Amino acid sequence: LKLDLAGYKNKKVKIILSVELKKNKKYSFKESFCLSNPTFIKKKVDYKNIILLSIESLSDLNYLSYKYNLPKLPNFEKLMKISSSYSEVYSPIDATLTYAGSIFSGLMPSQHGLGDYSISPDSYDNEILNKNIKLLSEQIKCKGFINFFGGTAPRLNSKTGFTRGFDDYFQVNKNYFANRPKMNLILNGLHSFKGFDKFFFLHLDCLHEPYLSLLDDKKPLSHDVSFLKKENKKFNIEGYMNGLEEIDRELGYLINYLNNNDEMDKTMIFLTGDHGNGINWEKGMEYTLYDERLRVPLIIKYPTWVESNNENNSIPVSSVFEIHRILNSIFVKCCAQFS
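To keep things clear, this report deals only with the structure shown in the data block. (Residues numbered from 1 in each chain as written. Predicted model: local features only at pLDDT ≥ 70, side-chain atom pairs only at ≥ 80, totals over all residues. Heavy atoms only, no water.)

Tracing the backbone shows Leu185 in helix 6 (residues 183–192). Separated by 36 residues in sequence, Leu185 and Phe149 have C-alpha atoms that sit 8.7 Å apart. Every residue in contact with Leu185, bar those within four places of it in the chain, is listed here: Phe149, Gly150, Phe170 and Phe200. (Helix = DSSP H or I, 4+ residues; strand = E, 2+ residues; numbered from the N terminus. Contact = heavy atoms within 4.5 Å.)

Written out as structure tokens, the structure reads:
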């Protein structure tokens, strides 16, 4: 909802939001939306865009290329040519909920304490982010940005604290739902709020199992149920590679929009994974902290409004803490530090 207040100078404005909730007997679901207070911001000529692309189960692309026969990913290559790419990057954890606690707080999993997987990660019995911790979204918002959130999986739900600092929040529970947020969430925000500083966080999920869905909008992928057997690793690899191609197409939509609308120089892009792939991973296995599961990419496209960067791309880094370090160095005069 966007309203131009130019014609209301020296007048009182009263905003009333009326909400009606209805139970859908066909589906069980958690919250579908949330409401926040109105934000009043003036348009700018020299506005800034920050996009943080968090890709579910995305392993380091160089490592994947070494181990598997990767499909052509032309849009990843386009982004890398204009970006700074790190050679050895690790996620702080191999679990999505715990990673989310770190990417938003800038803290180690042992510090924020979120993500006890002995409890269901999607359960309301799990821990929530401490409200005394200033989150990444809240820090960016204090600089006058409009913040957008798109996510898949209920572990990113509002109860856990992931709506804090966001003006626009959209999350669905399953990666095979037809309405799961994709790049169009960012493109719509870029177009509708041109002239404003904007921050987008998109947790894009095309790589998490199940790779096969029999929903109508996905047919026909396969009708041979033998593909569902865990021992059929070839199908897991093919499903993962198909997901990579889908992400590459989504990335192409973003690159084309930024280039065609003179937005590329205004836009800072971070691309990373929450953790590596699950091709050779099984729930409850004794040892899960191996390279394929922990190595993730870190690609950073700098805008013209960032004067310089001081990172050393050749040394091992943690994806989460490097992102916070760079943002902290950019917004060092923010009302509170990022990390």
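That shown, we press on.
Now for a nonpolar patch on the surface. The grouping of Leu3, Tyr8, Val13, Ile15, Leu17 and Phe40 at the surface amounts to a nonpolar patch, some 620 Å² of accessible area in total. Mapped onto the fold, Leu3 is located in the segment before strand 1 (49–55). (Patch = residues over 30% accessible without salt bridge, like charges linked within 9 Å, V, L, I, M, F, W, Y side chains within 5 Å. Areas by Shrake-Rupley, 256 points an atom, 1.4 Å probe, with all protein chains shown as cover. Salt bridge = Lys/Arg side-chain N within 4 Å of Asp/Glu carboxyl O.)

One broad rule of soluble globular proteins: the nonpolar side chains tend to lie buried together. One finds Leu53, Ile186, Leu244, Leu254 and Leu271 to be the most contacted residues of the largest nonpolar core, which totals 38 residues. Secondary-structure elements contributing two or more residues to this core are strand 1, helix 1 (61–67), helix 2 (74–81), strand 4 (146–152), helix 6, strand 6 (198–204), helix 7 (233–260) and strand 7 (267–273). With nine residues, helix 7 is the single largest residue contributor to this core. Excluding residues within four positions of it along the chain, Leu53 makes contact with Met183, Ile186, Leu202, Leu251, Leu254, Ile269, Phe270, Leu271 and Thr272. If you look at the next biggest cluster of nonpolar residues, it comprises 36 residues, including Leu135, Phe162, Tyr302 and Phe331. (Core = buried A, V, L, I, M, F, W, Y, C linked by side-chain atoms within 4.5 Å. Buried < 20%, exposed > 50% of the residue type's maximum accessible area, 1.4 Å probe, protein only.)

In this section: the packing of aromatic side chains. Here the distance between the centres and the angle between the planes together describe a pair of aromatic rings. Tallied over the entire structure, the rule returns 15 aromatic pairs. Between Phe149 and Phe166 the ring centres are 5.3 Å apart and the planes differ by 75°, which places this aromatic pair in the edge-to-face class. Pair noted here: Phe149 is in strand 4 and Phe166 is in the loop between strand 4 and strand 5 (168–172), with a separation of 17 residues, a long-range link. Each member of the pair, Phe149 together with Phe166, is buried. Ring centres of Phe149 and Phe201 lie 5.6 Å apart, and the angle between their planes is 20°; on these two criteria the pair is classed as stacked. Taken together, the residues span a long stretch of sequence, with Phe149 in strand 4 and Phe201 in strand 6 at a distance of 52 residues. Taken individually, Phe149 and Phe201 each receive the classification buried, so the pair is uniform in this respect. Taken together, the ring pairs connect Phe104, Phe149, Phe162, Phe166, Tyr169, Phe199 and Phe201 into an aromatic cluster. When the ring centre of Trp305 is taken as reference, the NZ or CZ atom of Lys48 above it lies at 5.8 Å. The cationic tip of Lys266 hangs over the ring face of Tyr47; the distance from NZ or CZ to the ring centre is 4.5 Å. (Phe/Tyr/Trp six-rings, centres within 6.5 Å; stacked < 30°, edge-to-face > 60°. Lys NZ or Arg CZ within 6 Å of the ring centre and 35° of its normal.)

Turning our attention to the pattern of salt bridges. Applying the stated rule across the entire model yields 10 salt bridges. Among the salt bridges present, the one from Glu138 reaches Arg164, with a minimum N-O distance of 3.3 Å. With Glu138 in helix 5 (residues 136–141) and Arg164 in the loop between strand 4 and strand 5, the pair connects residues that are 26 residues apart, well separated along the chain. When the shortest N-O distance is used, the salt bridge between Lys182 and Glu246 registers 3.0 Å. Placement of Lys182 in the loop between strand 5 and helix 6 and of Glu246 in helix 7 is noted, with a sequence separation of 64 residues between them. Under the relative-accessibility criterion, Glu246 is labelled buried at 14%.

Moving on to the packing of helix 3 (residues 96–105) against helix 9 (residues 319–330). It is the contact of helix 3 with helix 9, at a shortest axis distance of 9 Å, that shows an interaxial angle of 15°. Considered as vectors, helix 3 and helix 9 are oriented roughly parallel to each other. Of the two elements, helix 3 crosses helix 9, and the hand of that crossing is right-handed. Packed against helix 3, whose contacting residues are Tyr99, Ser102, Ile103, Phe104 and Ser105, the element helix 9 presents Val320, Ile323 and His324 at the interface. Classifying every residue of the contact of helix 3 with helix 9 gives five nonpolar, three polar and no charged. (Axes fitted to C-alpha atoms, helices over the stretch in contact; angles between N-to-C directions. Parallel < 35°, antiparallel > 145°, perpendicular 65-115°, else oblique. Left-handed = near helix turned anticlockwise from the far one by under 90°. Nonpolar A, V, L, I, M, F, W, Y, C, P; charged D, E, K, R; others polar.)

Turning to the environment of Tyr117, a few remarks are in order. For Tyr117, the position within the fold is in the loop between helix 4 (109–112) and helix 5. For Tyr117, a relative accessible area of 35% translates into the label partly exposed. Separated by 22 residues in sequence, Tyr117 and Ala95 have C-alpha atoms that sit 8.6 Å apart. If sequence neighbours within four positions are ignored, Tyr117 has contacts with Ala95, Thr96, Leu97, Thr98 and Arg155. From its side chain, Tyr117 meets the backbone nitrogen of Thr96 in a polar contact 3.4 Å long. (Polar contact = N/O pair within 3.5 Å; in protein donor to acceptor, adjacent residues only side chain to side chain.)

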